[in-house]
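# Inside the fold
Below are the chains, spelled out letter by letter.
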Amino acid sequence: MDFSHEEHLIAILASLLKGVGHVAVGVASPIPGSASLLARALSEGSMRVSILGSRADQAWSDTGVEMFDCAAQGRIDAFFFGGGQIDGQANINLVGVGDYPHQRVRWAGSFGSAYLYFLVPRIILFRPEHTRRVMVPKVDFISAPGTSAPNVHRPGGPTALVTDLCLFSFDAGRRRFRLESIHPGHSVEEVRDNTGFDFDVAEPVTETPAPTPDALEAIRGPVAQSIAHTYPLFANRVFGIGEEVAP
Amino acid sequence: MDFSHEEHLIAILASLLKGVGHVAVGVASPIPGSASLLARALSEGSMRVSILGSRADQAWSDTGVEMFDCAAQGRIDAFFFGGGQIDGQANINLVGVGDYPHQRVRWAGSFGSAYLYFLVPRIILFRPEHTRRVMVPKVDFISAPGTSAPNVHRPGGPTALVTDLCLFSFDAGRRRFRLESIHPGHSVEEVRDNTGFDFDVAEPVTETPAPTPDALEAIRGPVAQSIAHTYPLFANRVFGIGEEVAP
Amino acid sequence: MFRPDVDSLVASIRDGARLAVPKTEAGVSMAATRSLIGRGAKDLHLVCVPTSGLQADLLIGAGCVGVIECAGVTMDEYGAAPAFVRAVSKGSIGLVDSTCPALYAGLQAAEKGLPFMPLRGLIGSDIVGRRDDMPVIDNPFAADDPIIAVKAIQPDVALFHAPLADREGNVWIGRQRMLMTMAHAARQTLVTVEDIHDRNLLDDERYGPATIPSLYISAITLAAKGAWPLGLPGRYGEDGGHLAEYCRRAATPEGFAEYLRRNLAIEPTAAE
Amino acid sequence: MFRPDVDSLVASIRDGARLAVPKTEAGVSMAATRSLIGRGAKDLHLVCVPTSGLQADLLIGAGCVGVIECAGVTMDEYGAAPAFVRAVSKGSIGLVDSTCPALYAGLQAAEKGLPFMPLRGLIGSDIVGRRDDMPVIDNPFAADDPIIAVKAIQPDVALFHAPLADREGNVWIGRQRMLMTMAHAARQTLVTVEDIHDRNLLDDERYGPATIPSLYISAITLAAKGAWPLGLPGRYGEDGGHLAEYCRRAATPEGFAEYLRRNLAIEPTAAE
């Protein structure tokens, strides 16, 4: 069965949500949002999905602080973050490149990362671009640190990193990523060549499995329809549904 | 013009609210509530009155913490407290008599006094019973202290005490009450005999003025109607309006 | 989520639980309170948010309460809370005397997953002086500015009565926002409701903002007039005759027992 | 309370003011934003609650902003915020990079009249490392448990757009509860509204709980479609074509100036 790259990423992220009771998805996250909806579809309704900015998939009565309080209460089990830069200790940078504050490349900002990265047990890093520009030895600005000293209250943290090339797990004790599986058509060497930090390698490294037919059916059906409410541009481009929004 | 004792107390308390922008009234306070409504009526609408538990005279959208936050924001200028015991340093006791915790006389509790007594600029103590049982040398439990050390954040505190016998002002610098006026028919000696703490005496001590005809008219008209919504038993007993509630 | 009756709802409240209940005017589940008494619940740590009246008094008189943490227990216009007053004098309940904003602050700390919240006021009061969980700390942004730290209050159970729930388990609370804070702060939230709303309350732009999402709700059961003899804002007023009658009867332990027999059809065993 | 037009509303915002504005989806007063730019407002300290988009970008590009305190500035699906990115690189604005819950915590501290609020997380981030107003303090209830203290944020002005006000000056905000926090925290609150409701919103059991009482509102003016080209929840969506067009034009300083001329009929003088 044929599938697009986006559909594969959606399926990979969804596979990382197994056993999660409540996953929340931040802004500007159409693929994580789709993955969460897919995981719910495949969980036979036992999973709760909250998509920030969505009206239908929204557990909260308040659009502001409630999600953050909810995470601190231990009621959010999984969340996604990207990273303009990610380093080998899972520090993430959502702020910019160069000497802070007047950086030559500036991104939007840290959003809730400096907080949620500490409090949500299963943080999945998702950054399609897998280059030495992104996967750096040391981030230029720590929006949120990958690990903390033992005395710092930290029930949560990063557990995985998904890119266009591969899937890493993260071991907070060792403060290192471990390459778990390579997406079809790529190799360990390619991952190494494009990664600016050192990492462990699972024995053996497997090939990331393709989406199951059930998953693909769900992605193209209810997931596509549902994500289109929050991400019309994305749904139009990837699933060809909805009206195209003006250029 | 004839007036009842309650009407006089209402007028006295209202006179202490001159210049107040926003007065709030706690639970179980029919006379302070009536006084606030009277002060508003006489202020030609420039005063805001918030009566806890009232639907019509209620500035808040939340029945809980909002009033306390509002006070801390500096948006409440005056408030009333009673006191099962009040001592000469304006410490108030709303908890009970005897050795805490298993006191031989137990009252309801401190409510918000331990907080509002610090934050509202003009706290008016209102305790009709003027006896040595109430006006004690030292309270058995400090629900809220009358004064604080200079380093304690305290924009508010007690400014006056009104009883069945007289009106005191309170000087936080001297940590003492001063007898300002005596209600008609009473004397300085009577006040002294019934007060368990020492106090200053204004020179001269005046007689507390009777309610003006305007005030009485307002009390018996709109004030009575309005307070009856929150305090039906009180309004029935004092103003003879509304249905008597079952024995 | 939906329980068939009040008794099965209340079965989730174990003896010894830290149980948060709202003030008299805010939606008290008297239906669940009667059920707790009927079951002979024991040793509850009652957290009043921030005060209580008939509910606390009945539970205390019936011997269900080990400790009461509150800013005030009163029957309002009807007088003092008779069983509470007796229990304090006898020393048969533990007391954690507090002040309204400290109870809110403790719950808000738990709501935020914080160990504490700072709070103005209180310094020099016996509320602080008589307990060891309200230390004075330093404001880190000013020199010599002491401020109270209020420890987080995480109830095992929040219990209240609300006007409406929907079939998804969302609960509308109107302007009784302390109920939202209680549900956020507590491990479990149990609710009796007056009515079931046919459409999703969160989808409605007017109900939604005052609706506790089902995420925070453990169980719900229908209990028409479930706040009686107290009132429910916007629905019905309190039964003043009944409350006056209660105060009169409960003035003695015998009268209190008689009230339980007559009005709750409960034969008090371990009551005062 | 009621001002005749947006310009007279905005006259209450002095140059240099600490101005709190809500995130893109929550009710941004673009009408007031255009008026601020038209007036040539200067040196605003913009507090984004907790993020911003077109509003911050326009104000920055037009030279109205001295400092921006925020957790993120983005045009969402339409791309990066072009004037913001240019201003950062050029060093023409001051930056106080924050994180969403810290901005909420700072406003909530001000709402409660507190000097600070504790906040979990953040330790070891450069958000804490690059500013001097987020010290680590000790949890007084546990040994060796560091926690961040967030300083209170008291805006001079909170400015937003809401669906409804009534004639008493009460303002209904639906589920955008951060607007309530902003109004409680700020010295002044200025609101543009879509419509005027004929009855008192606080008296309505459904509108009341999500209504900011007039106590906190300094001034209101009617501005139909006042959030355009952004959306207003429950009323209208964003004008995606316009936002895409903005991003395309504003990619250069010249294009930005051209956008101001064409779309706001404003001749930029002190703009970038």
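It should be noted that the structure appears before, not after, this text.
Below or above, wherever it landed, is the structure these notes cover. Computed from a prediction, not measured in an experiment: that's the story for all the values here.

Moving on: a negative patch on the surface. A contiguous patch of negative charge on the surface is contributed by Glu25(C), Asp76(C), Glu77(C) and Glu238(C). Here Glu238(C) shows up in the loop between β12 (219-222) and α8 (240-249).

All names here are of chain B. In this structure the tally under the stated criterion is 46 salt bridges over all chains. Asp 198 serves as the salt-bridge partner of Arg 176, at 3.2 Å between the closest nitrogen and oxygen. Of this pair, Arg 176 sits in strand β12 (residues 176-182) while Asp 198 sits in the loop between α5 (188-193) and β13 (200-207), and the two are 22 residues apart along the sequence. Residue Arg 176 is classed as partly exposed on the basis of its relative accessible area, which comes to 23%.

We now examine unusual backbone geometry. The linkage connecting Tyr100(B) with the following residue, Pro101(B), adopts the cis geometry, with an omega of 5°. Position of Pro101(B) relative to the elements: it lies in the loop between β6 (96-97) and β7 (105-106). Of the consecutive residues Val49(C) and Pro50(C), the connecting peptide bond is found in the cis state with omega at -10°. Note that Pro50(C) resides in the loop between β2 (44-49) and α3 (54-61). In the Ramachandran plot, Phe111(B) falls in the positive-phi region, its phi being about 45° despite a non-glycine side chain. For Phe111(B), the position within the fold is in the loop between β7 and α4 (113-119).

A word on the nonpolar core. Nonpolar side chains in soluble globular proteins tend to end up buried together. The biggest cluster of nonpolar side chains holds 294 residues, and the ones touching the most others in it are Ile68(C) and Ile68(D). With residues up to four places along the chain from it excluded, the contact list for Ile68(C) reads Leu46(C), Cys48(C), Ala56(C), Ile60(C), Val73(C), Phe84(C), Ile93(C), Gly94(C), Leu95(C) and Val96(C).

Residue and element names in this part refer to chain A. Read from one edge to the other, the open sheet built from three strands follows the order β5-β4-β9, with strand pairing classed as mixed. In this open sheet, the two edge strands, each paired with only one partner strand, are β5 (92-93) and β9 (135-136). Across two bridges, the pairing between strand β4 (residues 85-87) and β5 is antiparallel. Looking at the pairing, Ile 86 lines up with Ile 92 of β5.

On the side of chain B, 15 residues touch chain D, which itself brings 18 residues to the contact. In this assembly, chain D packs against chain B so that about 1300 Å² is buried in total across both faces, 41% of it on carbon and sulfur atoms. Counting across the chain D and chain B interface gives one salt bridge. A salt bridge links Lys112(D) to Asp69(B); its shortest N-O distance comes to 3.1 Å. Where chain D meets chain B, there are eight residue pairs in polar contact (both at pLDDT 80 or more). Residue assignment for the side of chain D that touches chain B shows that the elements contributing at least two residues are α5 (100-111) and α7 (177-185) of chain D. Grouping the constituent residues of the side of chain D that touches chain B by class yields nine nonpolar, five polar and four charged.

With that settled, consider the packing of aromatic side chains. Each aromatic ring pair is characterised by the separation of its centres together with the angle its planes make. Tallied over the entire structure, the rule returns 30 aromatic pairs over all chains. Relative to Tyr117(B), the ring of Phe81(B) lies with its centre 6.2 Å away and its plane at 90°, an arrangement referred to as edge-to-face. Here Phe81(B), found in strand β3 (residues 78-81), pairs with Tyr117(B), found in helix α4; they are 36 residues apart in sequence, far enough to count as distant. Of the two residues, Phe81(B) and Tyr117(B), neither departs from the other in class, the shared state being buried. Each ring, one from Tyr246(D) and one from Tyr259(D), has its centre 4.9 Å from the other, and the planes form 80°; the classification is edge-to-face.

This part takes up the pairing of strand β10 (residues 188-197) of chain D. Strand direction decides the pairing type here: strand β8 (residues 157-166) of chain D and β10(D), joined by nine bridges, are parallel. Paired with Leu164(D) across the two strands is Asp195(D), which belongs to β10(D).

Here we come to empty space enclosed by the protein. Here the idea is plain: a probe the size of a water molecule rolls over the atoms and shows the empty space left. All told, the structure shown has nine cavities of 30 Å³ or more when counted by the stated rule. Taken together, 31 residues line the largest cavity, and the ones lying closest to its centre are Gln108(C), Arg177(C), Gln108(D), Glu111(D) and Arg177(D). Listed by contribution, the elements that provide at least two residues to the lining of the largest cavity are α3 (66-72) of chain A, α3 (66-72) of chain B, α5 (100-111) and α7 (177-185) of chain C together with α5 and α7 of chain D. A breakdown of the residues in the lining of the largest cavity according to their chemical character gives 10 nonpolar, nine polar and 12 charged.

It is worth spelling out the side chain of Thr74(D) at this point. Note that Thr74(D) resides in the loop between β3 (65-70) and α4 (82-90). From its side chain, Thr74(D) meets the backbone nitrogen of Asp76(D) in a polar contact 2.8 Å long. Apart from residues no more than four positions distant in its own chain, Thr74(D) is found in contact with Ala108(A), Phe111(A), Ser52(D), Gly53(D), Gly79(D) and Ala81(D).

Attention now goes to the pairing of β3(D). Residues and elements named next belong to chain D. Of all six residues that make up β3, five are buried, and the element is covered over most of its length. Where strand β2 (residues 44-49) meets β3, four bridges bridge the pair, whose relative direction is parallel. In the strand pairing of β3, His 45 is matched with Val 67. For the segment spanning β2, helix α3 (residues 54-61) and β3, crossover handedness is right-handed. Relative to strand β4 (residues 94-97), β3 runs parallel, the two being bridged by four bridges. Directly across from Val 67, in β4, lies its bridge partner Gly 94. The handedness of the β3 to β4 crossover, carried by α4, is right-handed.

Within the secondary structure, Ser113(B) is located in helix α4. Judged by its relative accessible area of 0%, Ser113(B) is buried. Excluding residues that lie within four positions of it along the chain, Ser113(B) makes contacts with Phe81(B), Ile92(B), Leu94(B), Ser143(B), Ala144(B) and Thr99(C).

Attention now goes to the environment of Tyr104(D). Secondary-structure assignment places Tyr104(D) in helix α5. C-alpha of Tyr104(D) to C-alpha of Asp7(D): the two residues are 97 residues apart in sequence and 29 Å apart in space. Each residue touching Tyr104(D), except ones within four places of it in the same chain, is listed here: Thr63(A), Gly64(A), Val65(A), Phe68(A), Val49(D), Pro50(D) and Met178(D).

Here we come to the interface of chain B and chain C. Interfaces are often described in size by the accessible area the parts lose on coming together. Tallying the contact residues gives 43 residues for chain B and 43 residues for chain C. Summing the contributions of chain B and of chain C, the shared interface buries around 3500 Å²; its carbon and sulfur component is 59%. It is Thr63(B), Arg106(B) and Phe111(B) that lose the most area in chain B upon contact with chain C, and together they represent 18% of the buried surface on that side. Where chain B meets chain C, there are one salt bridge. Among the ionic pairs, Asp97(C) bridges to Arg106(B), the shortest N-O distance being 2.7 Å. Across the chain B-chain C interface, the total number found is 15 residue pairs in polar contact (both at pLDDT 80 or more). Those elements giving two or more residues to the side of chain B that touches chain C turn out to be α4 and α7 (232-239) of chain B.

Rules of the game
Residues numbered from 1 in each chain as written. Chains lettered and ligands numbered in written order. Predicted model: local features only at pLDDT ≥ 70, side-chain atom pairs only at ≥ 80, totals over all residues. Heavy atoms only, no water. Patch = residues over 30% accessible without salt bridge, like charges linked within 9 Å, V, L, I, M, F, W, Y side chains within 5 Å. Areas by Shrake-Rupley, 256 points an atom, 1.4 Å probe, with all protein chains shown as cover. Salt bridge = Lys/Arg side-chain N within 4 Å of Asp/Glu carboxyl O. Lys, Arg positive; Asp, Glu negative; His and termini not counted. Charge placed at Lys NZ, Arg CZ, Asp CG, Glu CD. Helix = DSSP H or I, 4+ residues; strand = E, 2+ residues; numbered from the N terminus. Buried < 20%, exposed > 50% of the residue type's maximum accessible area, 1.4 Å probe, protein only. Core = buried A, V, L, I, M, F, W, Y, C linked by side-chain atoms within 4.5 Å. Contact = heavy atoms within 4.5 Å. Pairing = 2+ DSSP bridges. Buried area = accessible area lost by both parts, 1.4 Å probe. Polar contact = N/O pair within 3.5 Å; in protein donor to acceptor, adjacent residues only side chain to side chain. Nonpolar A, V, L, I, M, F, W, Y, C, P; charged D, E, K, R; others polar. Phe/Tyr/Trp six-rings, centres within 6.5 Å; stacked < 30°, edge-to-face > 60°. 1 Å grid on protein atoms, 1.4 Å probe; cavity = no way out; pocket = protein on both sides within 12 Å on 5 of 7 lines; lining within 4 Å. Points joined across faces, edges and corners; volume = space filled by probe spheres on them. Right-handed = clockwise from strand over helix to strand, strands pointing away.

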